[in-house]
Every structure is written in structure tokens, then in C-alpha cells.
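# Observations on the model geometry
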Amino acid sequence: MADSSFDIVSKVERQEVDNALNQAAKEISQRYDFKGTDASIAWSGEKILMSANGEERVKAILDIFQSKLIKRGISLKALEVGEPQLSGKEYKITASIQEGISQENAKKVAKIIRDEGPKGVKAQVQGDELRVSSKSRDDLQAVQALLKGKDLDFAIQFANYR
């Protein structure tokens, strides 16, 4: 019997992020505490730009956006947020979406699987993802449970389970 395997990836559905951003923009335009403050959230190339006339307000915009991401099932670990910066008369926060697992993070996950996972499970780094294979599907499910229980500082999903 051939080995079973799955991939550990870090991908974010761009459409879901776009939907969350549009929902946040709509809420900001309708909320009373943002009336007349020129508060906004929008795409700026590949980054997300939030701006308002006060530091507290721009942090509130970030909070609204994060809550919309959570409701859409996107991990906040995939969102890399900068510090509020004063630009002219308004504060701005730039955020970006992290995709792909870096080499060092892939090595960390492989080490966790090697050290704490079931015996006979192999993990190989393939570009920006990690392929985990084993003869036993139960071992693969144990690895998934192990990784879900770990508090990694980046978002992971499991794909191509076969």
C-alpha cells in the first residue's frame, strides 16, 4: 500500500480578505463615531491601508477589520500589521497578508513533527509548503492534532489529504 500524505500550507483566500475589507469599509461609513472623520480602509497595491484623524480611531478601524476577518474564518496570524504612524494630519496603519511558509518556519514544523509526532512520519519542505507522509492515516491525523495544539506564530492549513 502506498503512503498517505497531506500538505501543510499557509494560504489565504484573497476574495475572503477583500470581502472582509469591504464589510469593514461599509461599517466605518455607517458608524456614528466615524462620521466626518475621513476614516477609511482600502487596498493600496498588495497592502491594506487604514487611515483616520486620530490614533485611537485608526486602531478602532483595525479592530473592526480584524473582527471581519475572524468572522470569515481567516486567521489573524496571516495578517502582519504595522504601527500607527502620523502622516500629515492623519494616522495611518499599513497591513499585509502573509502567504507561504518561510524556510525557517517549515524547518520548525518539521522538527516538531520529528520530535513529538508518531514514528514513521516523514516531513519534507517543498518550496513554501511542507509535505507530510506516513503509511498510517491515523499517524497523519495525530500530526494534524499535534500541530493544531501548538501555538505557532503563523497560520497553517492542511491540504491535499490523500
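Above this text you will find the structure in question.
Notes on the structure in this doc start here. (Residues numbered from 1 in each chain as written. Predicted model: local features only at pLDDT ≥ 70, side-chain atom pairs only at ≥ 80, totals over all residues. Heavy atoms only, no water.)

Time to look at the packing of aromatic side chains. For any pair of aromatic rings, the description rests on two quantities: the centre-to-centre distance and the angle between the ring planes. Summed over all chains, the structure comprises 2 aromatic pairs. Their ring planes at 85° and their centres at 5.4 Å tell us that Phe 6 and Phe 158 sit as a pair that is edge-to-face. Taken together, the positions of Phe 6 in strand S1 (residues 4–9) and Phe 158 in strand S9 (residues 157–159) put the pair 152 residues apart, joining distant regions of the chain. Here the aromatic residues Phe 6, Phe 158 and Tyr 161 are joined through ring pairs into a cluster of three or more. The ring of Trp 43 carries the charged tip of Arg 14 above its face, separated from the ring centre by 3.8 Å. (Phe/Tyr/Trp six-rings, centres within 6.5 Å; stacked < 30°, edge-to-face > 60°. Helix = DSSP H or I, 4+ residues; strand = E, 2+ residues; numbered from the N terminus. Lys NZ or Arg CZ within 6 Å of the ring centre and 35° of its normal.)

Let us now look at the pattern of salt bridges. Under the definition given, this model contains 14 salt bridges. Glu 55 serves as the salt-bridge partner of Lys 59, at 3.5 Å between the closest nitrogen and oxygen. You can see Lys 59 and its partner Glu 55 sitting in helix H2 (residues 55–71), 4 residues apart, about one turn around the helix. Of the charged contacts, one joins Glu 116 and Lys 150 as a salt bridge, the two residues approaching to 2.8 Å between their closest N and O atoms. Note that Glu 116 is positioned in helix H3 (residues 103–116) and Lys 150 in the loop between helix H4 (137–149) and S9, a separation of 34 residues in sequence. By relative accessible area, which is 46% here, Glu 116 ends up partly exposed. A network of salt bridges, in which partner residues are shared, links Glu 27, Arg 31, Asp 33 and Lys 68. (Salt bridge = Lys/Arg side-chain N within 4 Å of Asp/Glu carboxyl O. Buried < 20%, exposed > 50% of the residue type's maximum accessible area, 1.4 Å probe, protein only.)

Relative to strand S3 (residues 47–52), strand S2 (residues 40–44) is paired through 5 bridges, and the arrangement is antiparallel. Counted as the bridge partner of Ser 44 is Lys 47 from S3. With antiparallel pairing between neighbouring strands as the criterion, S2 and S3 make up a hairpin whose turn holds 2 residues, including Gly 45 at a positive phi of roughly 70°. Examined bridge by bridge, S3 and strand S6 (residues 90–97) share 5 bridges and lie antiparallel to one another. The residue of S6 that forms the bridge with Ile 48 is Ala 95. (Pairing = 2+ DSSP bridges.)

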